[in-house]
Amino acid sequence: MKLVGIRIGCLAEAVLLFGFISAIGAGSLSAQIYTDTLADLAAHGGTLSIGDKSFTDFSYQAIDLTSFDPAQIQVTASIGSDGVYYLTWAGNVALATLSTAVADLKLNYSVMAS
């Protein structure tokens, strides 16, 4: 089992909107795709399983963000035609302030291969 954590630090004076991708390997995507929201995966102990991989233990910690809705973050597991597995994270996160500020979004999950 491999534990994977992503920590994104934000330093901004305006609104920061982003989508980001966490890829395991590289390659093209094929038609086999599984999607759920971060909110559902974290609240219900959800799993995204694809091929011999199971992505579990989803959690998040948002600190000082002015706008963050885990129900609007789509997490997609897919496998490319080359057999490489991916997790794609897509959604909006905002940090709006009139002065310099710092905010963090920490995303965690585990992946296991059978």
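Residues numbered from 1 in each chain as written. Predicted model: local features only at pLDDT ≥ 70, side-chain atom pairs only at ≥ 80, totals over all residues. Heavy atoms only, no water.

**Q** Quick one: what's the story with the overall build of the chain, residue by residue and with numbers?
**A** Per the secondary structure count, the chain includes 1 helix and 10 strands. With 114 residues in all, the chain has 37% of them scored as buried. Sequence separation of at least 24 residues holds for 74% of the intrachain contacts in the chain that already meet a minimum separation of 6. Of the roughly 6200 Å² of accessible surface on the chain, a fraction of 55% belongs to carbon and sulfur atoms. (Helix = DSSP H or I, 4+ residues; strand = E, 2+ residues; numbered from the N terminus. Buried < 20%, exposed > 50% of the residue type's maximum accessible area, 1.4 Å probe, protein only. Contact = heavy atoms within 4.5 Å. Areas by Shrake-Rupley, 256 points an atom, 1.4 Å probe, with all protein chains shown as cover.)

**Q** Quick rundown of the nonpolar core? Include the residues and the values.
**A** Within the largest apolar cluster, 23 residues are counted, with the highest numbers of intra-cluster contacts made by Leu38, Leu48, Phe55, Phe58, Val75, Leu87 and Trp89. When contributions to this core are tallied by element, the ones reaching two or more residues are helix 1 (38-43), strand 4 (48-50), strand 5 (53-63), strand 7 (74-79), strand 8 (85-90) and strand 10 (101-113). (Core = buried A, V, L, I, M, F, W, Y, C linked by side-chain atoms within 4.5 Å.)

**Q** So what's going on with the side chain of Thr37? Residues and values would help.
**A** Tracing the backbone through its elements, the reader meets Thr37 in strand 3 (residues 33-37). The exposure class of Thr37 is buried, given its relative accessible area of 18%. Here Asp40 takes part through its backbone nitrogen, which lies 3.1 Å from a polar atom of the side chain of Thr37. (Polar contact = N/O pair within 3.5 Å; in protein donor to acceptor, adjacent residues only side chain to side chain.)

**Q** So what's going on with the environment of Phe58? Which residues, and what values?
**A** By secondary structure assignment, the location of Phe58 is in strand 5. Under the relative-accessibility criterion, Phe58 is labelled buried at 5%. In the structure, Phe58 is positioned 52 residues away from Ser110 in sequence and 7.2 Å away in space, judged by C-alpha atoms.

**Q** Could you give an account of unusual backbone geometry, with specific residues and numbers?
**A** For Asp57, which is not glycine, the phi dihedral falls at a positive 55°. Positive phi values are uncommon outside glycine, yet Asp64 reaches one of about 65°. Note that Asp64 resides in the loop between strand 5 and strand 6 (67-68).

**Q** Can you tell me about the pairing of strand 5, naming the residues and giving the values?
**A** Each regular strand carries side chains that alternate between the two faces of the sheet. Where strand 4 and strand 5 come together, 3 bridges link them in antiparallel fashion. If you follow Ile50 over to strand 5, its bridge partner there is Lys53. What sits between strand 4 and strand 5 in their antiparallel hairpin is a turn of 2 residues, with Gly51 showing a positive phi close to 55°. Where strand 5 lies against strand 10, 9 bridges are found, and the strand directions are antiparallel. Bridge pairing links Thr56 to Ser110 in strand 10. (Pairing = 2+ DSSP bridges.)

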